[in-house]
Amino acid sequence: QTPIGYTDEARRLGIQGVVSVQALIRKDGTVQVLRLLHGLDRGIDDTVKQAVQEWRFQPSILRMRNGPVDVLVNINVSFELQ
């Protein structure tokens, strides 16, 4: 998975919290970010959306359908300065 870090500006401004996105994990394990549910800062929000779309998952299998299915998920990414 692509690591998600602070932007220089967000770190300088001391921005902390959670960015939440709604995403579709497709049958092939790729991710499509559908929308931003909760953001912190435009730079961080864009970084999260780009990184999450590079992630790959093992497809979800639904026994009744005998194969992979698309899954809608909410992904939360926390930002906390140390």
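Quick summary incoming for the structure in this document. The structure displayed is predicted, hence computed values, not measured ones.

Things to note about the side chain of Gln22
Reasoning step 1: Tracing the backbone through its elements, the reader meets Gln22 in strand β1 (residues 17-25).
Reasoning step 2: For Gln22, a relative accessible area of 15% translates into the label buried.
Reasoning step 3: Not counting residues within four places of it along the chain, the set of residues in contact with Gln22 comprises Gln32, Val33, Leu34, Arg35, Leu37, Leu72, Val73 and Asn74.

Notes on the sheet that holds strand β5 (residues 71-79)
Reasoning step 1: A sheet is described by the order of its strands in space; here three strands give the open sequence β2-β1-β5, paired in antiparallel fashion. Sheet topology places β2 (31-38) and β5 at the edges, where each strand pairs with a single neighbour. Neighbour-to-neighbour, the strand axes of the sheet open up by a mean angle of 30°, direction not taken into account.
Reasoning step 2: In this sheet, β5 lies alongside β1 in antiparallel orientation, the contact comprising nine bridges. By the bridge assignment, Gly17 is partnered in β5 with Phe79.
Reasoning step 3: Against the sheet, helix α2 (residues 42-54) engages β1, β2 and β5, with an angle of about 155° to β2.

Let's talk about the environment of Asp70
Reasoning step 1: Inspection of the secondary structure puts Asp70 in the loop between β4 (67-69) and β5.
Reasoning step 2: Placed 11 residues apart in sequence, Asp70 and Pro59 show a C-alpha to C-alpha distance of 7.7 Å.
Reasoning step 3: Ignoring anything within four residues of it in the chain, the contact list for Asp70 reads Leu24, Ile25, Arg26 and Lys27.
Reasoning step 4: Only 2.8 Å separates the side chain of Asp70 from the backbone nitrogen of Lys27, close enough to count as a polar contact.

Thoughts on the pairing of β2
Reasoning step 1: As defined by bridge partners, β1 adjoins β2 across six bridges and the pair is classed as antiparallel. Bridging from a neighbouring strand, Ile25 pairs with Val31 of β2.
Reasoning step 2: Here β1 hands over to β2 after five residues, with Gly29 in that stretch at a positive phi of 90°.

Conventions used here
- Residues numbered from 1 in each chain as written.
- Predicted model: local features only at pLDDT ≥ 70, side-chain atom pairs only at ≥ 80, totals over all residues.
- Heavy atoms only, no water.
- Helix = DSSP H or I, 4+ residues; strand = E, 2+ residues; numbered from the N terminus.
- Buried < 20%, exposed > 50% of the residue type's maximum accessible area, 1.4 Å probe, protein only.
- Contact = heavy atoms within 4.5 Å.
- Pairing = 2+ DSSP bridges.
- Axes fitted to C-alpha atoms, helices over the stretch in contact; angles between N-to-C directions.
- Polar contact = N/O pair within 3.5 Å; in protein donor to acceptor, adjacent residues only side chain to side chain.

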